[in-house]
Amino acid sequence: MKKVLLASACLFALAAPASAADLAARPYTKAPVAPMASVYNWTGFYLGAVGGGAWENASGDPKMKGGFVGGTAGYNWQTGNVVFGLEADAAWADVSASVTGPVLVPGFGVATATLSSKTDAMGTVRGRIGWAVNNVLFYGTGGYAWIDNKLSASALGVTISDSKFHSGWTVGAGVEAFFAPNWTVKGEYLYRSLGGETYFSGALPTGTLNFHTVQVGVNYHFGAPVVAKY
């Protein structure tokens with residue numbers, strides 16, 4: 001019996017290494033790749049197009065109103081979530097109003113006359129400061145504003161006109177967001193206040209012209225605004 005037990009033990013001892021050798025190798029599992037996140041850097045130069053509508057902030061009628069379209073250029077600096085910027089825009093405009101009524105013409109009597117005011121161009125040079133939440137920027141803005149305005153008077157088949165350049169200030173706010181690499185879309189509100197001018201060689205002074213404007217724009221940002229990070 002002792003010999004049988006000893007022989008069995010020897011058989012188990014010999015069989016164990018062979019069984020271990022027959023076991024399949026443990027498959028290697030590759031560690032999962034961490035998802036790649038996009039971090040947007042707002043620093044850099046950009047160009048774009050802008051357009052919108054404007055209406056005069058006046059108590060009575062007629063009020064000047066209309067639309068405009070033009071171009072934008074700017075530069076941003078980013079530190080942390082804070083973004084500083086400078087931006088300039090200029091646009092062709094058709095913002096106008098007219099009034100018709102009787103006037104006394106010396107040597108003729110009463111005639112019907114029309115007085116119209118039309119802003120042909122407008123623009124701003126502004127600073128911007130905002131808070132970036134990855135690809136979205138919320139900002140406030142303010143600075144210099146200008147318009148090129150023309151007054152026309154018509155009576156008895158004769159029309160005279162005079163153009164003046166009005167300067168003033170603007171303040172507002174907006175939001176801008178990347179929707180593709182290098183491309184952003186923005187929406188913006190600006191209040192513009194332009195100083196008065198005197199037309200027709202001092203015959204017709206105007207008061208301050210105040211406008212509300214709402215505009216949208218698309219900008220192309222040069223460089224590499226999107227930085228990939230793991």
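Residues numbered from 1 in each chain as written. Predicted model: local features only at pLDDT ≥ 70, side-chain atom pairs only at ≥ 80, totals over all residues. Heavy atoms only, no water.

Some words on the layout of surface pockets
Argument step 1. Of the pockets and cavities examined, the largest pocket occupies roughly 310 Å³.
Argument step 2. What lines the largest pocket is a set of 18 residues, among which Glu56, Met64, Ser117, Leu151 and Leu209 lie closest to the centre.
Argument step 3. Elements with a contribution of two residues or more to the lining of the largest pocket: strand S4 (82–105), strand S5 (109–133) and strand S6 (136–155).
Argument step 4. The residue inventory of the lining of the largest pocket, partitioned by class, reads nine nonpolar, eight polar and one charged. (1 Å grid on protein atoms, 1.4 Å probe; cavity = no way out; pocket = protein on both sides within 12 Å on 5 of 7 lines; lining within 4 Å. Points joined across faces, edges and corners; volume = space filled by probe spheres on them. Helix = DSSP H or I, 4+ residues; strand = E, 2+ residues; numbered from the N terminus. Nonpolar A, V, L, I, M, F, W, Y, C, P; charged D, E, K, R; others polar.)

Details of the packing of aromatic side chains
How two aromatic rings sit relative to each other is given by the distance of their centres and the angle of their planes.
Argument step 1. Inspection of every chain in the model, using the stated rule, returns eight aromatic pairs.
Argument step 2. Feature note: the residues Phe45, Trp183, Tyr220 and Phe222 constitute an aromatic cluster, connected by ring pairs.
Argument step 3. The lysine or arginine in question, Arg192, covers the ring of Phe68, its NZ or CZ lying 5.6 Å from the ring centre. (Phe/Tyr/Trp six-rings, centres within 6.5 Å; stacked < 30°, edge-to-face > 60°. Lys NZ or Arg CZ within 6 Å of the ring centre and 35° of its normal.)

Some words on the nonpolar core
Argument step 1. Residues Phe68, Val95, Ile147, Leu194 and Phe211 are the most contacted members of the largest nonpolar core, which totals 13 residues.
Argument step 2. For this core, the secondary-structure elements that each account for two or more residues are S4, S6 and strand S11 (209–221).
Argument step 3. Looking at this core element by element, the count peaks at four residues for S4.
Argument step 4. Apart from the residues within four sequence positions on either side, Phe211 is in contact with Trp55, Glu56, Asn57, Met64, Val95, Thr119, Ile147, Leu190, Tyr191, Arg192 and Leu194.
Argument step 5. Tyr40, Trp42, Tyr139 and Phe178 belong to the second largest nonpolar core, which has seven residues in total. (Core = buried A, V, L, I, M, F, W, Y, C linked by side-chain atoms within 4.5 Å. Buried < 20%, exposed > 50% of the residue type's maximum accessible area, 1.4 Å probe, protein only. Contact = heavy atoms within 4.5 Å.)

Some remarks on a nonpolar patch on the surface
Argument step 1. On the surface, Phe45, Leu47, Tyr75, Trp77, Phe84, Leu86, Ile129 and Phe222 cluster together into a nonpolar patch covering about 750 Å² of accessible area.
Argument step 2. Here Phe84 shows up in strand S4. (Patch = residues over 30% accessible without salt bridge, like charges linked within 9 Å, V, L, I, M, F, W, Y side chains within 5 Å. Areas by Shrake-Rupley, 256 points an atom, 1.4 Å probe, with all protein chains shown as cover. Salt bridge = Lys/Arg side-chain N within 4 Å of Asp/Glu carboxyl O.)

What about the side chain of Thr141?
Argument step 1. In this fold, Thr141 is placed in strand S6.
Argument step 2. On the basis of relative accessibility, which here comes to 6%, the residue Thr141 falls in the buried class.
Argument step 3. A polar side-chain atom of Thr141 sits 2.9 Å from the main-chain carbonyl oxygen of Gly127.
Argument step 4. Once residues lying within four places of it in the same chain are set aside, the contact partners of Thr141 are Arg126, Gly127, Arg128, Val171, Gly172, Ala173, Glu188 and Leu190. (Polar contact = N/O pair within 3.5 Å; in protein donor to acceptor, adjacent residues only side chain to side chain.)

A short note on unusual backbone geometry
With the exception of glycine, most residues fall at negative phi, and the peptide bonds are largely trans.
Argument step 1. In this model, Asn182 sits at a positive phi of 75 degrees, which is unusual for a non-glycine residue.
Argument step 2. Here Asn182 is to be found in the loop between strand S7 (158–180) and strand S8 (183–194).
Argument step 3. According to the relative accessible area criterion, Asn182 is buried, its value standing at 14%.
Argument step 4. You will see that Ser201, though not glycine, has its phi angle at about 55 degrees, which is positive.
Argument step 5. When you line up the elements, Ser201 lands in the loop between strand S9 (198–199) and strand S10 (204–205).

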